Amino acid sequence: MRIFSVTVLCLCYSGILGDLDWWKTANIYQIYPRSFKDSNGDGIGDLNGITERLPYLKDLGIHAVWLSPIFKSPMADFGYDISDFYDIQPEYGTIQDFEHLLKVAHDLNVRVLLDFVPNHSSDQNEWFIKSANRDPDFVDYYVWRDGKEDSSNPTKRLPPTNWISLFRGSAWKWHEGRGQFYLHQFAYQQPDLNYRNPKVVAQMKDVLRFWLNKGVDGFRIDAVWTVFEIAPDSDGNFPDEPLSENSNDPDDPGYLKHIYTQNQPETVDMVYQWRELLEEFTSKDQNTRLMLTEAYADVDIVMTYYGDGVRKGSHVPFNFNMITDLHNASNAVDFHRLIRVWLDKLPKDCVANWVIGNHDQKRVGSRFGTHRIDVINMMLNTLPGISITYNGEEIGMTDVFMTWEETVDPAACNSNPQIYEGLSRDPARTPFQWDDSTSAGFSTNPKTWLPVSPLYKEVNVKVERSSPKSHYKIYRKLLQLRRTPTLQKGNVETRTHGENVLSITRSLPGEDTYITVVNIGPDHEVVDLRELFPGRLTFHIISLTSKRREGVAVRGPILDLDPHEGVILKGSAFH
């Protein structure tokens, strides 16, 4: 029997537990409000529904909730097209409902983070309407261009560049009233704001201040990588983007290299400015106002969002490596490589974060297989720093198949019946499964805005709370474990044992050691535990299908793992 073990990372996080600000080891929970809990029976989730379920999240061990957009919107992109940044979408409730939610959350010591959408507004926002009408105060609020002459039709104009929307097709839309094209990097109903206009910068900072004065604890910044595009030349023109050679479909955003429309240097500076604004509020009461930023980019670019060594940036530039670079065929070496890349490149005094899913991605159980739900949650929650969970992952929800006629996501609706299934984000946005009653307890209405999973009678909070073993119970134990001094301030050492087994050892002098050992592969594997801990070990947390029993001592130095089995072992500080 040959036992592989390669030690490739050992990092030390020093200090004492009392030095930790609340967010540095936080469990952050993303709520997709439209699908979380419907309180009034209209088939759409709302603020009062979220408020009703806050005790569930507190009991689960959540420190902060991040709400996907709740602002007034015509819902062309389900809240990411905002017609009024200062008001609540009526389907979700009122300002008073939000203030009540905030109070209940704070009474439970749960922070509330809002989704800030800086790149664009709705085309029904009064700013855009005034800009389209050339109101002097708003004329340059958005990115407008005349376009190019069409040699075959002198009465027609062509888009000013070849830029492609992330929702497919040209990123330019002709506006008949103004007689110009406007830029939209997402749906055409989402015109891009012009951040080279100081009035826009000031306006969006005012939006942040408005909600901070309401008492929110911070923001998740949406699509920050698109906020700036390259500065126009002296004639006001933009360059075309080069072909990527990754796609033959000219409507596919992957057809181009987005070197002029994404991750511009000015965007990073804008993040630093927003951090300065948050710090103004933090300094008043020493309650950190948190910033999370969404940027799909090379890891070296993402690291610049943390700060430049002088100015501070995002507390949490999302670590999307486990989303973008891992798939069903990935092994322990792949997981380990991505963990090492992030921790190796992490700037000094910054905090790591781990994200495995969100409202734009297939669910973990659908992307990696339901047999890997627990082992992935174990990895995510025993690494150092911040864990971020998308609602439903704690109970193992999976994607729901939808027909072309059922899907409502604009990213898919802009495609066609042949390719929509790979583009639609709706399968991961279906209603939360609370129990086995009508519409999974999400709503009293049998018709919900998206269909409920057909698995809701077996996969729901009520069933999993009452079962002896469940994904929910494992997840809750993981969040309890994260409160220990060892996981909050301990050293981390990660190893691969062959291609399919990964171990994460968390240790702190004078405290118990915890070792996560997960078999990502389909075969039986063996691990020599003497390399990980010299003394007695017990099974502390086990995956759903594991045959072990928690609290039982590990027999012998060799651990024989079943396919896709995960265990967390506890080593006494006084061995």
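Bear in mind that the values here come from a model prediction, so they are computed numbers and not experimental data.

Observations regarding the overall build of the protein
Piece 1. A tally of helices and strands in the protein yields 15 helices and 23 strands.
Piece 2. Each principal axis of the C-alpha atoms in the protein carries an extent, and together these give about 80 × 55 × 50 Å.
Piece 3. When each of the 575 residues of the protein is scored for burial, the buried share is 58%.
Piece 4. Put simply, 69% of the contacts in the protein that link residues at least 6 apart link residues at least 24 apart.
Piece 5. Here the protein displays about 22,700 Å² of accessible surface, and carbon together with sulfur accounts for 49% of that area.
Piece 6. Put simply, the protein has 60 plus and 78 minus side-chain charges, and the middle of one group is 6 Å from the middle of the other.

Some remarks on the sheet that holds strand β16 (residues 386-390)
Piece 1. Ordered in space as β14-β13-β12-β6-β3-β2-β16-β15, the eight strands form an open sheet in which the pairing is parallel. Where the open sheet ends on each side, the last strands, each with one partner, are β14 (316-317) and β15 (353-355).
Piece 2. Inspection of the sheet shows strand β12 (residues 218-221) paired to strand β13 (residues 290-293) by four bridges, in the parallel sense. Looking across to β13, one finds that Phe 219 is bridged to Met 291.
Piece 3. Together, β3 (64-67) and β6 (111-116) form the strand contacts of helix α2 (residues 95-107), whose direction differs from that of β6 by roughly 140°.
Piece 4. Contacts from helix α4 (residues 198-214) reach β6 and β12, with the element oriented near 160° to β6.

What to know about the layout of surface pockets
Piece 1. Its volume calculated, the largest pocket comes out at about 1,200 Å³.
Piece 2. Among the secondary structure elements, those contributing two or more residues to the lining of the largest pocket are α6 (299-304), α7 (321-324), α8 (332-345) and α12 (420-423).
Piece 3. Here the residues of the lining of the largest pocket are counted per class, giving 22 nonpolar, 10 polar and 12 charged.

Points about the packing of aromatic side chains
Piece 1. In total, this model carries 36 aromatic pairs according to the counting rule given.
Piece 2. When the centroid spacing of 4.6 Å and the interplanar angle of 55° are considered together, the rings of Phe 138 and Tyr 141 count as tilted.
Piece 3. Here Phe 138 falls in the buried class, since its relative accessible area comes to 13%.
Piece 4. A residue is classified by how much of its surface remains accessible, and Tyr 141, at 4% relative accessible area, is buried.
Piece 5. Ring geometry for Trp 174 and Phe 181: centres 5.1 Å apart, planes at 70°, overall edge-to-face.
Piece 6. For Phe 181, a relative accessible area of 5% corresponds to the buried category.

Some thoughts on the nonpolar core
Piece 1. Tyr 56, Phe 98, Leu 114, Tyr 195, Trp 211, Phe 219 and Trp 274 are the most contacted members of the largest nonpolar core, which totals 85 residues.
Piece 2. By residue number, the principal contributor to this core is helix α5 (residues 265-285), which donates eight residues.
Piece 3. With residues up to four places along the chain from it excluded, the contact list for Trp 211 reads Phe 71, Phe 85, Tyr 86, Asp 87, Ile 88, Ile 95, Phe 98, Leu 114, Val 216 and Phe 219.

A look at the pairing of β16
Piece 1. With five of its five residues buried, β16 lies for the most part within the structure.
Piece 2. Neither face of β16 is left uncovered, since the one carrying Ile 386, Ile 388 and Tyr 390 and the one carrying Ser 387 and Thr 389 both have all their residues buried.

Overview of the packing of helix α10 (residues 373-382) against helix α14 (residues 471-481)
Piece 1. Taken N-terminus to C-terminus, the directions of α10 and α14 make an angle of 15°; their axes are 10 Å apart at the nearest point. When the axes of α10 and α14 are compared, the pair comes out roughly parallel. Classified by chirality, the crossing of α14 by α10 is right-handed. Of the residues in α14, those touching α10 at Ile 373, Asp 374, Asn 377, Met 378, Asn 381 and Thr 382 are His 471, Ile 474, Tyr 475, Leu 478, Leu 479 and Leu 481.
Piece 2. Here the contact of α10 with α14 is built from residues that sort into seven nonpolar, four polar and one charged.

What about the packing of α4 against α5?
Piece 1. Their axes nearest at 11 Å, the elements α4 and α5 cross at an angle of 30°. Crossing hand, α4 versus α5: right-handed. The segment α4 lies against α5, with Val 201, Lys 205, Leu 208, Arg 209, Leu 212 and Asn 213 engaging Met 270, Gln 273, Trp 274, Leu 277, Leu 278, Glu 280 and Phe 281.
Piece 2. Its residues placed into classes, the contact of α4 with α5 shows eight nonpolar, two polar and three charged.

Here we look at the sheet that holds strand β10 (residues 172-175)
Piece 1. In space, the three strands of this open sheet follow the order β7-β11-β10, with antiparallel pairing throughout. A strand with exactly one partner marks an edge of an open sheet, and here the two such strands are β7 (144-145) and β10.
Piece 2. Pairing geometry for β7 and strand β11 (residues 180-183), over two bridges, is antiparallel. The residue bridging Trp 144 from the neighbouring strand is Tyr 182, located in β11.

Remarks on the confidence of the model for the protein
Piece 1. Per-residue confidence for the protein averages 94 on the pLDDT scale, and 96% of its residues sit at or above 70.
Piece 2. Here residues 7-17 is modelled with pLDDT under 50, and outside its nearest four sequence neighbours on either side it reaches 32 contacts, counting other chains as well.

Focus: α10
Piece 1. Most of α10 is tucked away, with 10 of its 10 residues classed as buried.
Piece 2. Along α10, the residues that are buried comprise Ile 373, Asp 374, Val 375, Ile 376, Asn 377, Met 378, Met 379, Leu 380, Asn 381 and Thr 382.

Considering the pattern of salt bridges
Piece 1. In this structure the tally under the stated criterion is 30 salt bridges.
Piece 2. A salt bridge links Arg 53 to Glu 52; its shortest N-O distance comes to 3.9 Å.
Piece 3. On the accessibility criterion, Arg 53 (21% relative accessible area) is partly exposed.
Piece 4. With its nearest N and O atoms 2.7 Å apart, the salt bridge here joins Glu 279 to Arg 275.

Parameters at a glance
Residues numbered from 1 in each chain as written. Predicted model: local features only at pLDDT ≥ 70, side-chain atom pairs only at ≥ 80, totals over all residues. Heavy atoms only, no water. Helix = DSSP H or I, 4+ residues; strand = E, 2+ residues; numbered from the N terminus. Buried < 20%, exposed > 50% of the residue type's maximum accessible area, 1.4 Å probe, protein only. Contact = heavy atoms within 4.5 Å. Areas by Shrake-Rupley, 256 points an atom, 1.4 Å probe, with all protein chains shown as cover. Lys, Arg positive; Asp, Glu negative; His and termini not counted. Charge placed at Lys NZ, Arg CZ, Asp CG, Glu CD. Pairing = 2+ DSSP bridges. Axes fitted to C-alpha atoms, helices over the stretch in contact; angles between N-to-C directions. 1 Å grid on protein atoms, 1.4 Å probe; cavity = no way out; pocket = protein on both sides within 12 Å on 5 of 7 lines; lining within 4 Å. Points joined across faces, edges and corners; volume = space filled by probe spheres on them. Nonpolar A, V, L, I, M, F, W, Y, C, P; charged D, E, K, R; others polar. Phe/Tyr/Trp six-rings, centres within 6.5 Å; stacked < 30°, edge-to-face > 60°. Core = buried A, V, L, I, M, F, W, Y, C linked by side-chain atoms within 4.5 Å. Parallel < 35°, antiparallel > 145°, perpendicular 65-115°, else oblique. Left-handed = near helix turned anticlockwise from the far one by under 90°. pLDDT = per-residue confidence, 0-100. Salt bridge = Lys/Arg side-chain N within 4 Å of Asp/Glu carboxyl O.

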